[in-house]
Amino acid sequence: MKRIISNICVIMLVVGLAILCASCLNTDPASSDFVYKINDDKQTCTITGLKDSTKNHIVVPSKIGKYTVNKIANRAFMGTEIERVELPDTIIEIGDEAFSQCYYLVSMNLSSNLQKVGQGAFSYCSSLKSIEIPTFVTVLPKKVFYECSALESVSLNGRINRIEEDAFYLCSSLKQVNFPSTLIYIGDRAFMACYSLTKIAYECGFSSLASFNRNFLEQEGISPSSYRKSYNSKKSNHKISTKSVIDIIKLLKSTYPDATCSLDFNSAFELGIAVML
């Protein structure tokens with residue numbers, strides 16, 4: 001009887017070890033790079049951090065164990081030394097300042113199913129040169145690309161309707177942004193200190209800021225500086241809506257029908273107005 005019990009114990013031990021080894025062999029190596037939390041639905045999880053902050057190339061897995069990875073938490077990779085990031089198409093949300101102060105980040109592949117980007121998500125990513133915003137994102141929040149000084153090109157999808165305050169503030173190398181027809185709001189300072197854009201505005205027909213000011217006054221009966229003060233003043237009874245800004249852009253386009261520039265004319269003109277206002 002004792003021998004039978006002993007044999008059963010040995011068999012159970014062997015089976016247990018086999019299961020443990022199989023589990024170890026099936027573990028996705030990439031998943032071990034990340035800290036994560038299980039979401040309330042018990043089916044998905046959120047990446048909250050990186051175990052090794054000096055890692056320079058990260059590939060976020062679509063699953064960790066049985067959990068689908070669908071979110072990047074606030075400040076998850078903030079201040080890390082990553083240079084390249086690849087996100088799976090399961091990601092639908094990137095939190096506030098998730099990649100802020102990633103000074104070495106040069107390449108970012110976003111999820112095609114991304115729906116929401118948090119405030120300051122890529123702020124101070126001073127090595128990032130280009131970014132493509134996926135189809136389901138409709139709002140670029142405050143300071144999303146704040147002081148991304150190397151950023152040259154931004155590709156916006158056809159559903160973006162709002163670019164919030166300071167979104168591209170001090171993106172001094174920015175030269176190319178396409179504005180979709182769905183855009184109805186550009187926030188204060190959204191393109192302030194984007195010095196390369198001023199050059200584009202000149203290429204669209206304005207030989208100087210004085211030229212822009214003069215034509216704006218002729219078109220609208222108000223100087224750009226007065227317009228800006230009226231637009232920004234919370235107490236003003238003459239607060240001009242964002243729709244009016246778009247209307248002014250359309251009117252000014254007709255002033256220079258033969259203008260040429262290095263970018264698509266509509267996009268460049270809108271960028272020029274955003275900077276000069």
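Here the structure is a predicted model, which means the values were calculated and not measured.

What counts, and at which threshold
Residues numbered from 1 in each chain as written. Predicted model: local features only at pLDDT ≥ 70, side-chain atom pairs only at ≥ 80, totals over all residues. Heavy atoms only, no water. Helix = DSSP H or I, 4+ residues; strand = E, 2+ residues; numbered from the N terminus. Buried < 20%, exposed > 50% of the residue type's maximum accessible area, 1.4 Å probe, protein only. Contact = heavy atoms within 4.5 Å. Areas by Shrake-Rupley, 256 points an atom, 1.4 Å probe, with all protein chains shown as cover. Polar contact = N/O pair within 3.5 Å; in protein donor to acceptor, adjacent residues only side chain to side chain. Pairing = 2+ DSSP bridges. Salt bridge = Lys/Arg side-chain N within 4 Å of Asp/Glu carboxyl O. pLDDT = per-residue confidence, 0-100. Core = buried A, V, L, I, M, F, W, Y, C linked by side-chain atoms within 4.5 Å. Axes fitted to C-alpha atoms, helices over the stretch in contact; angles between N-to-C directions. Patch = residues over 30% accessible without salt bridge, like charges linked within 9 Å, V, L, I, M, F, W, Y side chains within 5 Å.

Asker: In this structure, what is going on with the overall build of the protein? I would like to understand it.
Answerer: The number of helices and strands found in the protein is six helices and 15 strands. Taken across its 277 residues, the protein has 41% of its residues classed as buried. Put simply, 36% of the contacts in the protein that link residues at least 6 apart link residues at least 24 apart. Here the protein has roughly 14,700 Å² of accessible surface; of this, 51% comes from carbon and sulfur atoms.

Asker: I'm lost on the side chain of Ser-111 in this one. Help?
Answerer: The topology assignment puts Ser-111 in the loop between strand 8 (107-109) and strand 9 (116-117). A distance of 3.3 Å separates a polar atom in the side chain of Ser-111 from the backbone oxygen of Asp-89.

Asker: Even after reading the chapter, I still don't get the sheet that holds strand 14 (residues 176-177), so can you show me in this structure?
Answerer: To summarise the sheet geometry, strands pair through backbone hydrogen bonds and adopt either a parallel or an antiparallel arrangement. Strand order in the open sheet formed by three strands is 10-12-14, and the pairing between neighbours is parallel. Of all the strands in the sheet, just strand 10 (130-132) and strand 14 have a single pairing partner and so form its edges. As defined by bridge partners, strand 12 (residues 153-155) adjoins strand 14 across two bridges and the pair is classed as parallel. Bridge pairing links Val-154 to Val-177 in strand 14.

Asker: Whenever I open this one, the side chain of Asn-157 confuses me. Can you help?
Answerer: The residue Asn-157 is located in the loop between strand 12 and strand 13 (162-163) in this model. A residue is classified by how much of its surface remains accessible, and Asn-157, at 8% relative accessible area, is buried. Among the polar contacts listed, one links the side chain of Asn-157 to the backbone oxygen of Val-137, at a separation of 3.1 Å. Within the structure, Asn-157 has its side chain in polar contact with the backbone nitrogen of Arg-159 (distance 2.5 Å). Setting aside residues no more than four positions away along its own chain, Asn-157 makes contact with Ile-133, Pro-134, Thr-135, Val-137 and Pro-180.

Asker: Before we go on, may I ask you to explain the pattern of salt bridges in this structure?
Answerer: It is possible for side chains of opposite charge to pair when their charged atoms get near one another. Counted under the stated rule, the structure contains four salt bridges. Between Glu-164 and Arg-162 there is a salt bridge whose closest N-O contact spans 2.9 Å. Its relative accessible area of 14% is what places Glu-164 among the buried residues. Asp-166 is paired through a salt bridge with Arg-189; the nearest N and O atoms lie 2.8 Å apart. Of the two residues, Asp-166 is situated in the loop between strand 13 and strand 14 and Arg-189 in the loop between strand 15 (185-186) and helix 2 (195-203); the sequence distance between them amounts to 23 residues. Overall, Asp-166 belongs to the buried group, its relative accessible area being 10%.

Asker: Hey, could you run me through the confidence of the model for the protein in this one?
Answerer: If pLDDT is low for a region, its predicted coordinates should not be looked at in detail. For the protein, mean pLDDT is 76; residues scoring 70 or higher make up 64% of the total. Counting contacts from residues 234-246, a segment whose pLDDT is below 50, to residues more than four positions away or on other chains yields 19 contacts.

Asker: Can you help me understand the pairing of strand 2 (residues 44-50) in this one?
Answerer: In the case of a regular strand, side chains alternate between the two sheet surfaces. By the criterion of burial, strand 2 is predominantly enclosed, with six of the seven residues buried. Bridging between strand 1 (residues 34-38) and strand 2 involves five bridges; their strand directions are antiparallel. Looking at strand 2, one finds that Ile-38 is bridged to Cys-45. Here strand 1 folds back onto strand 2, and the loop between the two strands holds five residues, one of which, Lys-42, carries a positive phi near 65 degrees. As paired strands, strand 2 and strand 5 (residues 67-72) are joined by four bridges and run parallel to one another. Opposite Ile-47, over in strand 5, you have Ile-72 as the bridge partner.

Asker: Any chance you could explain the nonpolar core here in plain terms?
Answerer: The tendency in soluble globular proteins is for nonpolar side chains to be buried as a group. Core analysis: the largest hydrophobic core is formed by 53 residues, its most contacted members being Ile-94, Phe-99, Phe-122, Phe-145, Ile-163 and Phe-168. Within the residue set of this core, elements represented by two or more residues are strand 2 and strand 5. The residues contacting Phe-168, other than those within four sequence positions of it, are Leu-140, Phe-145, Leu-151, Val-154, Ile-163, Leu-174, Ala-190, Phe-191, Met-192 and Cys-194.

Asker: I'm lost on the sheet that holds strand 3 (residues 57-59) in this one. Help?
Answerer: Taken together, the three strands give an open sheet; going across it, the order is 3-6-8, and neighbouring strands pair in parallel fashion. The strands lining the two open edges of the sheet, one partner per strand, are strand 3 and strand 8. Neighbour-to-neighbour, the strand axes of the sheet open up by a mean angle of 5 degrees, direction not taken into account. Bridge count for strand 6 (residues 84-86) against strand 8 is three bridges, and the pairing is parallel. Directly across from Arg-84, in strand 8, lies its bridge partner Ser-107.

Asker: When you look at a nonpolar patch on the surface in this model, what are you seeing that I'm missing?
Answerer: On the surface, a cluster of nonpolar side chains totalling about 320 Å² of accessible area is made up of Tyr-103, Tyr-104 and Tyr-124. Among the structural elements, Tyr-103 can be located in the loop between strand 7 (93-94) and strand 8.

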